Amino acid sequence: MIEFTSIGQMLRDTEQAGRPLWENVLLSDCERQGISREESLARMTAMLEVMVQADQSYHPGDRSASGLVGGDGGKMAAYAQAGDTLCGPFLSDVMAGALRMGECNACMKRIVAAPTAGACGVLPAVLLPYRRHFGASEEALVQALYVAAGFGMVIAERASISGAEGGCQAEIGSAAAMAAPALVHLQGGTPEQMANACAMAVKNLLGLVCDPVGGLVEVPCVKRNVIGAMDALSAAQMALAGIESRVPPDQVLDAMAEVGQSLPHTLRETGKGGLAATPFGLEYAPKEP
Amino acid sequence: MNLFDILGPVMVGPSSSHTAGAVRIGRMARSLLGQEPVRAELLLHGSFASTGEGHGTHQALIAGLLGLAPDDSRVPNSFELAKERGLEFTFGSCVLREVHPNSVLIRLEGDQGGKLEVGASSPGGGRIRVFRVDGLDTSFSGDLPTLVVHNTYQPGCVSQVTGALARRGLNVATLQLNRGGRGGSAVMVIECDQPIPPEAAREVRDLPGILRVTRYTPEEEHL
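Quick caveat: nothing in here was measured; it's all calculated off a predicted structure. (Residues numbered from 1 in each chain as written. Chains lettered and ligands numbered in written order. Predicted model: local features only at pLDDT ≥ 70, side-chain atom pairs only at ≥ 80, totals over all residues.)

Student: Explain the overall build of chain A residue by residue, including any values.
Tutor: Helix and strand counts for chain A stand at 13 helices and one strand. Mapped from its N terminus to its C terminus, chain A presents α and β elements in the order α-α-α-α-α-β-α-α-α-α-α-α-α-α. Taken against the 2.2 N^0.38 rule, which gives 19 Å for 289 residues, the C-alpha radius of gyration of chain A at 18 Å falls within 12% of a compact globule. Dimensions of chain A, computed from the C-alpha atoms along their principal axes, are close to 55 × 45 × 35 Å. Contacts in chain A between residues at least 24 apart in sequence constitute 77% of all its contacts with a sequence separation of at least 6. (Helix = DSSP H or I, 4+ residues; strand = E, 2+ residues; numbered from the N terminus. Rg over C-alpha atoms; globule rule 2.2 N^0.38 Å. Contact = placed C-beta atoms within 7 Å.)

Student: Go over the overall build of chain B with me, naming the residues and quoting the values.
Tutor: Broken down by element type, chain B carries seven helices and eleven strands. The C-alpha radius of gyration computed for chain B amounts to 17 Å, which stays within 12% of the reference 17 Å derived for 223 residues, consistent with globular compactness. Reported as C-alpha extents along the three principal axes, the dimensions of chain B are approximately 50 × 40 × 35 Å. A total of 223 residues make up chain B; the buried ones form 48% of that total. A separation threshold of at least 6 residues defines the contact pool for chain B, and within that pool the share at least 24 residues apart is 68%. (Buried ≥ 20, exposed ≤ 12 C-beta atoms within 10 Å, placed from the backbone.)

Student: Go over the domain arrangement of chain B with me, naming the residues and quoting the values.
Tutor: Residues and elements named next belong to chain B. Along its sequence, chain B is organised into domain 1 (6-133) and domain 2 (146-216). Taking the mean C-alpha position of each, domain 1 and domain 2 sit 26 Å from one another. The partner domain 2 presents four residues to the four residues of domain 1 that form the contact. A per-class count over the side of domain 1 that touches domain 2 returns two nonpolar, two polar and no charged. (Domains from an automatic or database assignment. Nonpolar A, V, L, I, M, F, W, Y, C, P; charged D, E, K, R; others polar.)

Student: Could you give me a rundown of the sheet that holds strand E10 (residues 185-192) of chain B, with the residues and numbers involved?
Tutor: Residues and elements named next belong to chain B. The strand order across the open sheet built from four strands is E9-E10-E8-E11, with neighbouring strands paired in antiparallel fashion. What marks the edges here is a single partner per strand, and that holds for strand E9 (172-179) and strand E11 (210-216). Sheet twist, expressed as the mean angle between neighbouring strand axes with direction ignored, is 15 degrees. Where strand E8 (residues 146-152) meets E11, six bridges bridge the pair, whose relative direction is antiparallel. (Pairing = 2+ DSSP bridges. Axes fitted to C-alpha atoms, helices over the stretch in contact; angles between N-to-C directions.)

Student: Can you lay out the packing of helix H6 (residues 157-167) of chain B against helix H7 (residues 198-205) of chain B for me, pointing to particular residues and giving the numbers?
Tutor: All names here are of chain B. With their axes 10 Å apart at the nearest point, H6 and H7 run at an angle of 155 degrees to one another. On the basis of their axis angle, the class for H6 and H7 is roughly antiparallel. Like other packed secondary-structure pairs, H6 and H7 cross with a definite hand, here right-handed. Residues Val161, Ala164 and Leu165 of H6 touch H7, and the partners they reach there are Ala200, Glu203 and Val204. Grouping the constituent residues of the contact of H6 with H7 by class yields five nonpolar, no polar and one charged. (Parallel < 35°, antiparallel > 145°, perpendicular 65-115°, else oblique. Left-handed = near helix turned anticlockwise from the far one by under 90°.)

Student: An account of the interface of chain A and chain B is requested, with residue identities and associated values reported.
Tutor: Of the residues lining the interface, 38 residues belong to chain A; the matching set on chain B comes to 31 residues. Of all elements in the fold, only helix H2 (21-33), helix H3 (37-56), helix H5 (88-106), strand E1 (110-112) and helix H7 (138-158) of chain A reach the threshold of two or more residues within the side of chain A that touches chain B. Split by residue class, the side of chain A that touches chain B holds 23 nonpolar, eight polar and seven charged. Where E1 of chain A meets strand E1 (residues 10-12) of chain B, three bridges bridge the pair, whose relative direction is antiparallel. When the bridges of E1 of chain B are listed, Arg110 of chain A appears paired with Val12 of chain B.

Student: Please provide a residue-by-residue account of the sheet that holds strand E5 (residues 115-124) of chain B, values included.
Tutor: Residues and elements named next belong to chain B. Sheet architecture is open: six strands sit in the order E3-E2-E4-E5-E6-E7, paired in mixed fashion. Two strands in the sheet have a free side with no partner beyond their single neighbour: strand E3 (88-93) and strand E7 (136-140). Here the strands of the sheet are splayed against their neighbours by 20 degrees on average, with no regard to which way each runs. Here strand E2 (residues 37-45) pairs with strand E4 (residues 102-110) via eight bridges, running antiparallel. The residue bridging His45 from the neighbouring strand is Ser103, located in E4.

Student: With reference to specific residues and values, describe the nonpolar core.
Tutor: Grouped together as the largest cluster of nonpolar side chains are 163 residues, with contacts concentrated most on Leu145, Ala179, Ala180 and Ala232 of chain A. With 13 residues, H7 of chain A is the largest single contributor of residues to this core. When residues no more than four places from it in sequence are discounted, the contact partners of Leu145 of chain A are Met44, Met47, Leu48 and Ala182 of chain A together with Leu7 of chain B. (Core = buried A, V, L, I, M, F, W, Y, C linked by C-beta atoms within 7 Å.)

Student: Could you give me a rundown of helix H1 (residues 7-17) of chain A, with the residues and numbers involved?
Tutor: All names here are of chain A. When H1 is considered as a whole, its buried residues turn out to be Ile7, Met10 and Thr14. Buried residues along H1 cover an arc of 55 degrees about the axis, so they all sit on one side. Close packing links the buried residues of H1 with H2, H7, helix H10 (191-204) and helix H12 (249-262). Immediately beyond the C-terminal end of H1, within one or two residues, lies Gly18, with a positive phi of roughly 65 degrees. (Arc of directions from axis to C-beta.)

Student: Break down the confidence of the model for chain B for me, with residues and values.
Tutor: Model confidence for chain B is summarised by a mean pLDDT of 91, while 97% of its residues fall at 70 or above. ipTM for the predicted complex: 0.95, alongside a pTM of 0.91. (pLDDT = per-residue confidence, 0-100.)

Student: So what about the environment of Leu253 of chain A? Which residues, and what values?
Tutor: Residue and element names in this part refer to chain A. Locating Leu253 in the fold gives a position in helix H12. What makes Leu253 buried here is the crowd of 26 C-beta atoms within 10 Å. For the pair formed by Leu253 and Cys198, sequence separation is 55 residues and the distance between their alpha carbons is 9.5 Å. With sequence-adjacent residues up to four places away left out, Leu253 is seen in contact with Val154, Ile155, Arg158, Ala159 and Val202.

Student: Quick one: what's the story with H3 of chain A, residue by residue and with numbers?
Tutor: Taking 1.5 Å of rise per residue, the 20 residues of H3 of chain A would be expected to cover 28 Å, and the 29 Å separating its terminal C-alpha atoms lies within 8% of that figure. Listing the buried residues of H3 of chain A in full gives Ser40, Met44, Met47, Leu48, Val50, Met51, Ala54 and Asp55 of chain A. Relative to the axis of H3 of chain A, the buried residues are bounded by an arc of 155 degrees and lie together on one face. Those residues of H3 of chain A that are exposed and aimed more than 90 degrees away from the buried face are Glu38, Glu39 and Gln56 of chain A. In the core, the buried residues of H3 of chain A are packed alongside H2, H5, E1, helix H6 (122-134) and H7 of chain A together with E1 of chain B. (Expected span 1.5 Å × (residues − 1).)

Student: Hey, could you go over the pairing of E8 of chain B for me, with residue numbers and the actual values?
Tutor: The side chains of a regular strand alternate, first on one face of the sheet and then on the other. Residue and element names in this part refer to chain B. Counting buried positions over the seven residues of E8 gives five, a clear majority of the element. As defined by bridge partners, E8 adjoins E10 across seven bridges and the pair is classed as antiparallel. What sits directly across from Thr146, in E10, is Glu191.

Here it is, written out as structure tokens:
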């Protein structure tokens, strides 16, 4: 059974069990929770369905309560539609999806925290365009969500998935590190490649601070979902090319934990440092009651 | 922690602590009141007061008082819903000592004349903690089946209550007792490992010296 305390143990146990990693994650969690495989699968399928519904609930005219965000998903989709983009159709679709979901969250729409509300755009932004551009069954996407959640569990155990605890690397960084192995799964990669993709995604966003303007989940959170999605794609592609993380994955997560603890208080979701403390950011600073 | 703590919960944005947690606090307060709330005074503390507006915390708290779940799409429109259901509410701010920055004090009146004051915090990830009930300090999360017992402070109350639970095979996970003053009223909070059946709560309520009993059952709020 997977203990979700180490990526190494997750890979070893999966090899011994002789099952695909997604299925081993599913069965290990069922055993821990005392629920059936069918119950778990129904719940995970529902998560995918809510992601699809949330993406469809987007309206480019919506604005957040502060007025700081809204409409950028529409701009990106329109730019992609026009054709002559820098990043090509697939990546443009990914970027538009990340912006849409981040803005949906800021505008109080119903989303799936993955692993947090602020980082809810990363996973759907790679999975839903993947289905549109490369074709993937619902079954395969649900399996990819198990892979993502399995790696997410280990990150939560070993490092953190909370911006207040570990900075944005723990939110957008964790989301990217969950999405990267999910993409490797969809492309038919090995568990080792998934582990490397996870590690590389974390490394590339290591130290990212949580500095929300006005203390709100808006600026820079929405756009950081874009970089999280792009990080996941690049880490997955590197892993699929056979590129490995030089630092072993579990040691990368330990570094993530250590870096998170070393971040000053002002850069851990307090809205008191970084972008929040710029002259622009201070205009939105909360008034002390 | 399980897979659906990582992929999930399904919630209305933007913040698990300031929005989803706020809905759960409202639901908890409603559940503890045990009646349809008709009047509510909500005093926001710390970050709830300073950033609540941008996070939809106000709408989230009212949504919870109306019994909506954190993933209900009607959360942003809870003020209109409150009007329809006849719940009047006011918001203010307050400064509480030694509590988490994401905290609120809620004073409720129910349709059957019941009154309740609840203080609760939302420290993150949608989790909540009740730190005060009717002016008395306490601490519970609602993650376990919970019994909140208001009693007059007299000898033997605790053993009678725990005895009643034991006879029904309920295992007490935690027990806290806080009283206002010597001989005054007290609040007992008992978290159990097993679901507390309604009959057990009724039996406790009929014991001598017991003023009020509230049963809280953790619910599957999200998918």
